[in-house]
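Coordinates in review
Each chain, letter by letter, is given below.
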Amino acid sequence: MTIIGRKEEQAEMRSYLNDEKSHLIAVIGRRRVGKTFLIRETYKENKVFEMTGLKDAEVDKQLINFALQMNLFFPSEKLHDTPPDWLRAFNQLTQQLSQLDTTKKPVLFFDELPWIAGKKSGFTEALAHWWNNWASQQNIVVVICGSAASWMIENVVNAKGGLHNRLTKLITLLPFTLAETKAFFEHKNIQLSDYQIAQLYMAIGGIPHYLEQIEKGKSAAQNIQNICFSKDGVLRNEFDNLYPALFENATNHIAVIKALSDKSMGLERKELLKATGKSDGGYFSNVLKELEISGFITVYEPLEKKKKGSLYRLSDEYSLFYLRFIDGKKVDDNYWLNLSQSQEYKTWCGYAFENLCIKHVSNIQRALGISGVQTTVNSFLHKKNKDYEKGFQIDLLIDRKDGVITICEMKFYADEYTISSEYAASLRIKREGLKAVTKTNKTIHITFITTYGVSDNQHKLDLVDNDFKLEVLFL
């Protein structure tokens, strides 16, 4: 099978086969993002052992599972006995690996590690002992993987015991980009325009398993209707499983996601605490960090750093779509086909497209020719005061070290976008207000990212420095 995209991850993972050292690699990422497929395909020529944890199984069942995998990967006349504990399980593994006759660097893969290493199972301690006393001195690669981000971060990435600072590399696998999504469809011989792909992406994101459900010969609207709103649609109830599969006490994470789904501009920490009814402290910080690492939320430092704290914004497409259109709604066979013509849909498109642009901001930077320029990505909200009497909001700013601040305006339309006199006035307020409030000496440019470009008129000539079409997000 062919791996679509993931070129950087593949190159990183394969590089560990080219030396004579041992490496411990952790791969984390949300449910259905393609972690297992990536690991299996990248290391298929080198893998000598694999074990996948059993969900909600006690330690004795996990040990039986281990023995079955030992018999599968190391067959012999005498079957491997089920070890009584994990220390002796790893001793069995050591004996078999010591007898391997291969010129290729061996790779071992433990999938769904949080399921294997249940409380009081002794697995994590045995793994650490085995790695520190034997495996780390060999020429092997050990890959550990899990969807439960909170467990992986606490027990592997930030481990305080025997695995402390033992990781060679942490790989966080994120959803496909638009370019990878397009390549995925092309590989499956599904012909869709960039506009249609963007519509799909804004609803379900770049999760490979979700994209697998897209049917050839159907429009974006038809596919969304089928997978999100039909009785047996894969994404009809996916939200109920998504967060509990990733996080312990997922109700806290869901509360944050729901609070952010109502605020397109995002919320500061204090506002989030109020909206969720949660108390401040380290636990809440961990919830936010886990959501950020897993790609569900994005954190921005506003341009006025002295006046405001970090801004949290929901960036997971499916969660936003689910909470806006699926959760608690009564639907029929034509629900989405009808709704996609409504004003509610157009409003959602505006926010979803902003998210799409923010997620692909590196593409915008390349289009601007500033990939080599140091930048920070910010947002900006000004409420009228003595510094500037008019309020304004900017969803995406690129603050550049080359003496320029780029205001990005993002519009999702089915045709060319025309700047009206009223909208031109609001752009002038943003440009002049930003300069007045921040007292910056930098030049302020306005860049448009739209589906089909900005139509030529006097307002465009007066105000727009760069006009990019949807295609730049696919490059």
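You'll find the structure just up there.
The rules we used
- Residues numbered from 1 in each chain as written.
- Predicted model: local features only at pLDDT ≥ 70, side-chain atom pairs only at ≥ 80, totals over all residues.
- Heavy atoms only, no water.
- 1 Å grid on protein atoms, 1.4 Å probe; cavity = no way out; pocket = protein on both sides within 12 Å on 5 of 7 lines; lining within 4 Å.
- Points joined across faces, edges and corners; volume = space filled by probe spheres on them.
- Helix = DSSP H or I, 4+ residues; strand = E, 2+ residues; numbered from the N terminus.
- Nonpolar A, V, L, I, M, F, W, Y, C, P; charged D, E, K, R; others polar.
- Buried < 20%, exposed > 50% of the residue type's maximum accessible area, 1.4 Å probe, protein only.
- Expected span 1.5 Å × (residues − 1).
- Contact = heavy atoms within 4.5 Å.
- Pairing = 2+ DSSP bridges.
- Axes fitted to C-alpha atoms, helices over the stretch in contact; angles between N-to-C directions.

Taken as a whole, the largest pocket encloses approximately 970 Å³ of empty space. Breaking the lining of the largest pocket down by element, the ones donating at least two residues are α1 (7-15), β5 (169-172), α8 (178-187), β7 (297-300), α18 (343-359) and α19 (361-368). Here the residues of the lining of the largest pocket sort into 16 nonpolar, ten polar and nine charged.

On to unusual backbone geometry. With the exception of glycine, the majority of residues adopt a negative phi angle, and the majority of peptide bonds are in the trans configuration. Phi is positive for Asp56, which is not a glycine, with a value near 60°. Within the secondary structure layout, Asp56 lies in the loop between β2 (47-52) and α3 (59-73). A residue is classified by how much of its surface remains accessible, and Asp56, at 69% relative accessible area, is exposed. In the Ramachandran plot, Asn249 falls in the positive-phi region, its phi being about 50° despite a non-glycine side chain. Mapped onto the secondary structure, Asn249 falls in the loop between α12 (238-246) and α13 (250-261).

On to helix α20 (residues 421-438). Look at α20: 26 Å from first C-alpha to last across 18 residues, which is about the 26 Å you get at 1.5 Å a residue. Along α20, the residues that are buried comprise Tyr423, Ala424, Leu427, Lys430, Gly433, Leu434 and Val437. Packing partners of the buried residues in α20 comprise β9 (375-382), β10 (392-400), β11 (404-411), β12 (443-450) and α21 (458-463). Two residues or fewer past α20, Lys439 is found with a positive phi of approximately 55°.

A word on the sheet that holds β5. Read across the sheet, five strands follow the order β2-β3-β4-β1-β5 without closing on themselves; strand pairing throughout is parallel. Across the chains shown, the open sheet's two edge strands, defined by having one partner strand only, are β2 and β5. Put simply, the sheet's adjacent strands are angled 15° from each other on average, direction ignored. Sheet topology places strand β3 (residues 107-111) next to strand β4 (residues 141-146); four bridges connect them, and they run parallel. Bridge assignment links Leu108 to a residue of β4, and that residue is Val142. Across the face of the sheet, helix α6 (residues 123-133) comes into contact with β1 (23-28), β3 and β4 while running at roughly 160° to β4.

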